[in-house]
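# Topology and contacts: notes
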Amino acid sequence: MVQQVAKESVGTKGNHKRTTIFTYTHTKRTDIEEDIRSLQLDSAEENNGVVNPGDARPEEVEVVDKMEEDSEEVQAVSQPVHPEPKVKHKEVSAVEDAESQQETEGNNKRHLNVVFIGHVDAGKSTTGGQILFLSGQVDDRTIQKYEKEAKDKSRESWYMAYIMDTNEEERIKGKTVEVGRAHFETETTRFTILDAPGHKSYVPNMISGASQADIGVLVISARKGEFETGFEKGGQTREHVMLAKTLGVTKLLLVVNKMDDHTVNWSKERYDEIESKMTPFLKASGYNVKKDVQFLPISGLMGLNMKTRVDKSLCPWWNGPCLFEALDRIEITPRDPNGPFRMPIIDKFKDMGTVVMGKVESGSVREGDSLLVMPNKAQVKVLAIYCDDNRVRHAGPGENLRIRLSGIEEEDILSGFVLSSVAKPVAAVTEFIAQLQILELLDNAIFTAGYKAVLHIHAVVEECEIVELLHQIDLKTKKPMKKKVLFVKNGAIVVCRIQVNNSICTEKFADFAQLGRFTLRTEGKTVAVGKVTELPTVSSSA
Ligand code: GTP
Ligand code: MG
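Structural notes, computed from the coordinates.

Calculation notes
Residues numbered from 1 in each chain as written. Chains lettered and ligands numbered in written order. Predicted model: local features only at pLDDT ≥ 70, side-chain atom pairs only at ≥ 80, totals over all residues. Heavy atoms only, no water. Donors = N, O, S within 2.8 Å, 3.2 Å for Na, K, Ca; no water. Helix = DSSP H or I, 4+ residues; strand = E, 2+ residues; numbered from the N terminus. Buried < 20%, exposed > 50% of the residue type's maximum accessible area, 1.4 Å probe, protein only. Near = heavy atom within 4 Å. Polar contact = N/O pair within 3.5 Å; in protein donor to acceptor, adjacent residues only side chain to side chain. Areas by Shrake-Rupley, 256 points an atom, 1.4 Å probe, with all protein chains shown as cover. Nonpolar A, V, L, I, M, F, W, Y, C, P; charged D, E, K, R; others polar. Core = buried A, V, L, I, M, F, W, Y, C linked by side-chain atoms within 4.5 Å. Phe/Tyr/Trp six-rings, centres within 6.5 Å; stacked < 30°, edge-to-face > 60°. Lys NZ or Arg CZ within 6 Å of the ring centre and 35° of its normal. Salt bridge = Lys/Arg side-chain N within 4 Å of Asp/Glu carboxyl O. Axes fitted to C-alpha atoms, helices over the stretch in contact; angles between N-to-C directions. Left-handed = near helix turned anticlockwise from the far one by under 90°. Contact = heavy atoms within 4.5 Å. Patch = residues over 30% accessible without salt bridge, like charges linked within 9 Å, V, L, I, M, F, W, Y side chains within 5 Å. Expected span 1.5 Å × (residues − 1). Arc of directions from axis to C-beta. Pairing = 2+ DSSP bridges.

## Description of the coordination of the magnesium ion (ligand 2)
- Distances from the magnesium ion (ligand 2) to its protein donors, Ser125 (OG) and Thr176 (OG1), fall at 1.9 to 2.0 Å. With a gap of 51 residues between them, serine 125 in helix 3 (residues 124-134) and threonine 176 in the loop between helix 5 (168-173) and strand 6 (179-185) connect regions that are remote in the sequence. Judged on exposure class, the residue serine 125 and its partner threonine 176 are both buried.

Structure follows, in structure tokens:
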């Protein structure tokens, strides 16, 4: 049994100034109204076109041969310029058998990225680790080794989490820091698991994980007192749900975990209590609970109601699916494999050329393709493509890839740059117009021109300044208010002009939702969520 771990870390952007002249085209009010619906309280509209898991994208991955460099240790690459910690990921790739299985089956199955979110200690890593164990990727011997190691660290019950928490720091503290990435398969689907940290200090890492995901597993602890702490104001259950929705996680599986705990004992009352408290909150966060959310009870630690349904003798009242079934059944809106190619770069390293990592948000890529690295417009050629651990000739939207490029040095790429089609490159701007929903300003501050925050948009982390408030949106009528707006407070929706120091790649939310939605954070707190509504018509000299 080989357990290989590659670490990935993403820094922030450097200096690459350009002169840009901006003009904006006027946006009609009806557009703004539509935008509001789709930004916050929308999800019903987003998911009209559904895809059958069986027939999704069978053509998009052509396997060539095995990846030769997957045990690579990747070093931290650039200096952070913000108080937020660096965004980090780590690769958890378990067993050789699973890789060779993917070589033969990879062509026929759809692929989904699942982010595990929820309050600290809810059981995300334990559940993720259990999934790998139940899907045959971790053997008993490895589990025994982890049991011993966890015991030595006086963290007996953490052994399952050790499958995902591979860093010493994570194991000692019992807390995920870097997003763990692993792969498993069910009958119809290849899944990439992204195990996000729950602790509030690592929210930027969670944002990075969620921004790569199609669906979310929201893990809630049913243990007495733990659900309550996570759900409190300031608890990460709330923040994660809101961020996931903003970052484009359109479907949620809400797993009520720790059902085996002695304070719960598979109690229907406790399960119902959590469901009834979570439902209004999920609705207010923009999820259509009937269509986009599925609740189910599990024990991540015991592996119950996960691969097979929980025994009736233990939980007589549960008639729904187990976790694997529920994951298999999730349907998401298909992406366009023929759209212009867009892959935000989350990390890069040197390996027989320059290798970039990221998730394809639009279009497809083939070996030999000529592409641009934006915003610095560097012409590059695709030498090789790796999907999970396999070399492939071609890959479509939604895939997590490593792409080896020629024509660019590793030092010239920063996280948040976008690998982009030459014919229709992604927009690169230093200002844009956006619609913001103000969540909670620090110390009840007012939000006005001159407000500074850290912008998180796809893989970009960049300081920004609100330079002009254009108009406020009436929360009742959802229409722009006539009165001139100088400042707004918590809860307001406002359209404003935002500037960044360095050119960033973005798109209008209406065109590429994943590249057009963002969060604003300051001093470790998410203060607003937003989406890009207008980009300047640019004439730029690089
Ligand atoms: P962070 O990464 O820090 O956000 O935590 P996490 O959500 O990944 O939680 P983790 O998997 O590290 O588990 C935290 C604690 O909860 C450990 O002691 C686990 O053994 C325990 N735990 C997780 N799942 C279960 C479960 O199903 N039942 C019981 N009884 N304990 C569980
Ligand atoms: Mg964890």
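Now that the structure is up, let's keep going.
## Describing the site of ligand 1
- In the neighbourhood of ligand 1, 23 residues make up the surrounding shell, with Lys124, Thr126, Ser157, Thr176 and Asp260 lying closest.
- Note that an oxygen atom of ligand 1 is positioned 2.7 Å from one of the side-chain N or O atoms of lysine 124.
- At a separation of 2.5 Å, an oxygen atom of ligand 1 approaches a polar side-chain atom of threonine 126.
- Considering ligand 1 on its own, with 640 Å² of exposed area, one finds that the protein chains cover 97% of that surface.
- Taken together, the residues of the shell around ligand 1 sort by class into six nonpolar, eleven polar and six charged.

## Here we look at the nonpolar core
- One finds Leu132, Leu254, Met278, Leu282 and Leu327 to be the most contacted residues of the largest nonpolar core, which totals 75 residues.
- Counting 29 residues, the second largest nonpolar core, distinct from the first, contains Leu436, Cys464, Cys496 and Ile498.

## As for the packing of aromatic side chains
- The full count for this structure, using the stated rule, is ten aromatic pairs.
- Arranged with centres 5.7 Å apart and planes meeting at 85 degrees, the rings of phenylalanine 231 and phenylalanine 281 form a pair that is edge-to-face. One end of the pair, phenylalanine 231, is in helix 7 (residues 226-231); the other, phenylalanine 281, is in helix 9 (residues 268-284), and 50 residues separate them in sequence. The pair phenylalanine 231 / phenylalanine 281 is uniform in exposure class, with both members buried.
- For the pair tyrosine 271 and tryptophan 318, a centre-to-centre distance of 5.8 Å together with 65 degrees between the ring planes defines the contact as edge-to-face. Here tryptophan 318 lies in the loop between strand 10 (293-297) and helix 11 (323-329) and tyrosine 271 lies in helix 9, a separation of 47 residues in the sequence. Each member of the pair, tyrosine 271 together with tryptophan 318, is buried.
- Ring pairs connect the aromatic residues Phe184, Phe191 and Phe324, which therefore count as one cluster.
- Note that arginine 155 overlies the ring of tryptophan 158, its terminal NZ or CZ placed 4.6 Å from the centroid.
- Geometry around tyrosine 287 places lysine 245 over its ring, the cationic atom sitting 5.1 Å from the centre.

## Observations concerning the pattern of salt bridges
- Tallied over the entire structure, the rule returns 28 salt bridges.
- Across the salt bridge formed by glutamate 228 and arginine 270, the nearest N and O atoms sit 2.8 Å from each other. Taken together, the residues span a long stretch of sequence, with glutamate 228 in helix 7 and arginine 270 in helix 9 at a distance of 42 residues.
- Residue glutamate 228 is classed as partly exposed on the basis of its relative accessible area, which comes to 31%.
- A salt bridge links arginine 270 to glutamate 273, with the shortest nitrogen-to-oxygen separation between them at 3.1 Å. Of the two residues, arginine 270 and glutamate 273 are both situated in helix 9; the distance of three residues between them amounts to about one turn of the helix.

## What about the packing of helix 6 (residues 203-211) against helix 8 (residues 236-246)?
- Interaxial distance between helix 6 and helix 8 falls to 10 Å at its minimum, and their mutual angle equals 35 degrees. Regarding helix 6 and helix 8, the two cross each other, and that crossing is right-handed. For the pair helix 6 and helix 8, the contacting residues are Val203, Met206 and Ile207 in the first and Glu239, His240, Leu243 and Ala244 in the second.
- Looking at side-chain class alone, the contact of helix 6 with helix 8 contains five nonpolar, one polar and one charged residues.

## A short note on a nonpolar patch on the surface
- Among the surface-exposed residues, Ile446, Leu486 and Phe487 lie close enough to one another that they form a single nonpolar patch of about 310 Å² accessible area.
- With respect to the helices and strands, phenylalanine 487 occurs in strand 24 (residues 487-488).

## Comments concerning helix 4 (residues 140-152)
- With 13 residues, helix 4 extends 18 Å between its outermost C-alpha atoms, agreeing within 8% with the 18 Å of an ideal straight helix rising 1.5 Å per residue.
- Inspection of helix 4 places Thr142, Ile143, Tyr146, Glu149 and Ala150 among the buried residues, and these make up the whole buried set. Seen along its axis, helix 4 keeps its buried residues to an arc of 125 degrees; they face one direction. The outward face of helix 4, more than 90 degrees from its buried face, is lined by the exposed residues Arg141, Lys145, Lys148, Lys151 and Asp152.
- The inward-facing, buried residues of helix 4 contact helix 3 and helix 5.

## Considering the packing of helix 8 against helix 9
- It is at 10 Å that the axes of helix 8 and helix 9 come closest, and there the two elements cross at 35 degrees. Relative to helix 9, helix 8 is oriented so that their crossing is right-handed. Residues Thr237, Arg238 and Val241 of helix 8 touch helix 9, and the partners they reach there are Met278, Phe281 and Leu282.
- Here the residues of the contact of helix 8 with helix 9 are counted per class, giving four nonpolar, one polar and one charged.

## Overview of the environment of alanine 492
- Structurally, the position occupied by alanine 492 is in the loop between strand 24 and strand 25 (493-506).
- The class for alanine 492 is buried, based on a relative accessible area of 7%.
- The spatial distance from the C-alpha of alanine 492 to the C-alpha of glutamine 472 is 7.4 Å, given a sequence separation of 20 residues.
- Excluding residues within four positions of it along the chain, alanine 492 makes contact with Leu436, Gln437, Ile438 and Gln472.

## Here's the deal with the sheet that holds strand 20 (residues 427-438)
- Pairing within the closed barrel is antiparallel, and its six strands lie in the order 20-25-23-22-26-27. Taken pair by pair, the neighbouring strands of this sheet meet at an average axis angle of 45 degrees, ignoring direction.
- Bridge count between strand 20 and strand 25: ten bridges; the pairing is antiparallel. In the sheet register, glutamine 437 faces strand 25, and the bridge partner there is isoleucine 493.

## As for helix 6
- The buried fraction of helix 6 amounts to nine of the nine residues, a majority that puts the element mostly inside the structure.
- Among all positions in helix 6, only Val203, Pro204, Asn205, Met206, Ile207, Ser208, Gly209, Ala210 and Ser211 are buried.

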